[in-house]
Amino acid sequence: MDIIISNILSPQFIYTILRVSTPLVFAAMAALVVRKSGIMCIAFEAMMLFAALGGVVGSAYTQNLFVGIVAGILSSVLIAVIFAYFVLVLKSNPVLTGLALNILGSGGTVFALFVLTGNKGTSSSLRSLRFPVVNIPIIEDIPVIGQIFSGHNSLTYVSLFTVLAVYILIYKTTLGLRIRSVGENPHAAESVGIKVVRTKVIALMIGGIIASFGGMYMSMGYLPFFTRDMVSGRGFIGIAAQNLGGGVPIYTLIAALFFGSADAISNVFQTLRIPAEFMQMLPYVVTIIGLMFVGSSNKDSKEKTKKIKEIKGETT
Amino acid sequence: MKKSAIIISMFLVLILLVTGCSPKPVDQEKKKIVVIINTNLGDKAFSDLVWSGVTRAAEDFGVEVKAIELGGDPTRQEPTLTEVSESGEWDLVISGTFNLLQATAAAARNYPDQKFVLYDVALDFTQHNYPNAVSILSKQNEGSYLAGVMAAKLTQVTGDDKINGQKVIGFVGGGENTAINDFLIGYIAGAKSVDPEVKVLFSYVGNFTDSAKAKELALAQYDQGADIVYAVAGSASYGVYEASVLAKRYSIGVDQDRALQFEAEGNVTQANHIVTSVVKHLDVLIYNKIKEFVEGTIQYGVHQGAGIALNGMGLAKNKFYEQFVPADIRAAVDAAEQKIISGEVVVPTAIGLSTEAVNEWKRKASE
């Protein structure tokens, strides 16, 4: 018990939280961009899985990390484009399409893995590359801060920069403004000459690119190989973090880190004689409770607008 | 509309006639054996292991064998087994794993003339006597017992920089079920038989695929003083192997000789951290069953637990094992092996054990 407490209070543990949260941050940021454009997309699991496999295969066959990254991004964007085609052009139900793509992601990656390596469980026979670990020069020598922030996989830093990039994209660029307007009121946006479908497709593709880094982190950073279904619900947790953060990049980051901490704590506490199922439940319970708070605060604001309208004498 | 209905029904009648007339295969010389694979061949693991035993037996004893792959589809289990049993074409049906237990047991009850061999699962002979079937199960608890003996001794050696001097070892399971707890209890019993003070940490991933979570769980155990972590979590086990490299500690593999597998794949760094693997010799068991079948010595109506005595399970004693495990510990493992074979040591099992009793073992683990 003492060891566990001292483990949790150590700077090493915050380092662990960042490591655990990285794929969640990517997934949440991807979800955020797509959500802003007003699309209900749950296909991030599939995007991440395909990117995880694509990156491994691309880097293994060319022995070039850059080619691996490109292959990973393309595999993820492919899923995003398929999703866009079905939902925006063929007008299929977005939730069902997302679900179908997730199932495709689970089975399709195993199929592709088998065709390429003859193995259905893992890509460990491929000599794939890994994103490098970065030691930040001056910071790494500062006692506590260095232990927390230095020595991470490069994609962990990329994930933090992504938050900033997404903020700038959404709030400071023309494209971001278009994405938001398309998401909030597509008819109004169309009336001022914004191409709604095209903007939504672009948002989905940006989401696909961000999600692909989450996937590649799983198979080329966190672990050095692809294993079947390795994303294991992280895409969904990302969507939950986006909802919990209310679609604001910094809050979404905090929510993703929060889920990451719940997961990290459950990992450490499992060795205590607390039932394993209880600890496995923890991250999801935290998710539900978090969503309850968001839901009730939304309800408050809805009632507020209703009251304002009543005062103004408008009917609702 | 009506016309097409008539055509279709005529077509169906025709099919019935044609299939009804097809002659039964007359090749009585060669024994014919069909193997039902719940998933697919080519998984480089369980199914391939089974199939390698079957094909080896086919070559040695001149039997005809065929595999039917179900692709993990539960809706195909009953129909396939019924069809195979009904056809009367096969002298022996080999089926296995917990997934196929229900369907195979039903087929064995409904077709008493068809012979069955079930592997890696136990038929419930208290419910029905199954005079036409035999089940064989590798005793995972016995293999894990040896792993526990080895780990509890290895965690106390000095002069190995992958060993930290604390009497703590670890275990990462996939999901909490009877089979995984059978591994765990064997492991705990083995460790405690060496030194009751050795602490066994254990965690469950919650599934058999989340290799990243398995890695985090293993790292948490290494942080808490474990220096050898035993991974029993399907493909999520790869996360544990990776964690042992990162933590510069040892892991123990499962099902296959993982160190040799990684070495063959060119990943020697990884192989250097897998001290041994608990290997199920399913191929040997199935080979032996086919041999008995051909020779006519096979016994039906029984369940056989194939432990170390029947070579159903054991530690992978490869060059990594010989390099990392000192000779006196290897001798102790061999001695424990002999004690199990002679019946002097009976390894406890989670199969048929109440939840309270399982919890009692878990409580013991952390003492």
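The structure contained in this document is the topic of the report that follows. (Residues numbered from 1 in each chain as written. Chains lettered and ligands numbered in written order. Predicted model: local features only at pLDDT ≥ 70, side-chain atom pairs only at ≥ 80, totals over all residues. Heavy atoms only, no water.)

## Thoughts on the packing of aromatic side chains
The cut-off we apply is this: Any Phe, Tyr or Trp ring, taking Trp's six-membered ring, that has another such ring centre within 6.5 Å forms a pair; planes under 30 degrees apart are called stacked, those over 60 apart edge-to-face, and the others tilted. Residue exposure (1.4 Å probe, protein chains only): buried if accessible area is under 20% of the type maximum, exposed if over 50%, otherwise partly exposed. Only DSSP runs of H or I with at least four residues qualify as helices, and only runs of E with at least two residues qualify as strands; both kinds are numbered from the N terminus onward. Note on criteria: charge over ring means Lys NZ or Arg CZ within 6 Å of the ring centre, with the direction from the centre no more than 35 degrees off the ring normal.
According to the stated counting rule, one finds 17 aromatic pairs over all chains in the structure shown. Arranged with centres 6.3 Å apart and planes meeting at 35°, the rings of F258 of chain A and F259 of chain A form a pair that is tilted. For F258 of chain A, a relative accessible area of 43% corresponds to the partly exposed category. Between F61 of chain B and Y287 of chain B, the ring centres sit 5.3 Å apart and the planes meet at 40°, which makes this aromatic pair tilted. Remark: Y287 of chain B occurs in helix 11 (residues 282–295) and F61 of chain B occurs in helix 2 (residues 46–61); sequence separation between them is 226 residues. A residue is classified by how much of its surface remains accessible, and Y287 of chain B, at 15% relative accessible area, is buried. One aromatic cluster is present, formed by F225 of chain A together with Y238, Y241 and F262 of chain B through successive ring pairs. Between the NZ or CZ atom of R56 of chain B and the centre of the ring of Y287 of chain B, over which it lies, the distance is 4.6 Å. Of note, K115 of chain B hangs over the ring of Y300 of chain B, and the distance from its end group to the ring centre comes to 5.2 Å.

## Observations concerning the interface of chain A and chain B
Filter applied, for reference: Only heavy atoms matter for contacts: two residues are in contact if any of them lie within 4.5 Å across the pair. Put simply, buried area is how much 1.4 Å-probe accessible surface two parts lose in total, over both of them, once they are put together. Every case where a carboxyl oxygen of Asp or Glu lies within 4 Å of a side-chain nitrogen of Lys or Arg is listed as a salt bridge. Throughout this description, a polar contact denotes any pair of N or O atoms lying within 3.5 Å of each other; where both atoms belong to protein, one of them has to be capable of donating a hydrogen while the other can accept it, and for residues adjacent in sequence the pair is counted only when both atoms sit in side chains.
On the chain B side, the residues contacting the 38 residues of chain A number 39 residues. In total, chain A and chain B occlude about 3000 Å² of area from one another, counting both sides; carbon and sulfur atoms represent 48% of this. When the buried area of chain A at its contact with chain B is split by residue, N267, T271 and R273 of chain A rank highest and sum to 18% of it. If you look at where chain A meets chain B, you find four salt bridges. Where D263 of chain A meets K213 of chain B, a salt bridge forms, and the shortest distance between an N and an O atom there is 2.8 Å. Where chain A touches chain B, the interface holds twelve residue pairs in polar contact (both at pLDDT 80 or more). For the side of chain A that touches chain B, the secondary-structure elements that each account for two or more residues are helix 1 (2–9), helix 2 (11–36), helix 5 (94–117), helix 10 (196–222), helix 12 (249–269) and helix 13 (276–312) of chain A. A per-element tally of the side of chain A that touches chain B places helix 12 of chain A first, with four residues.

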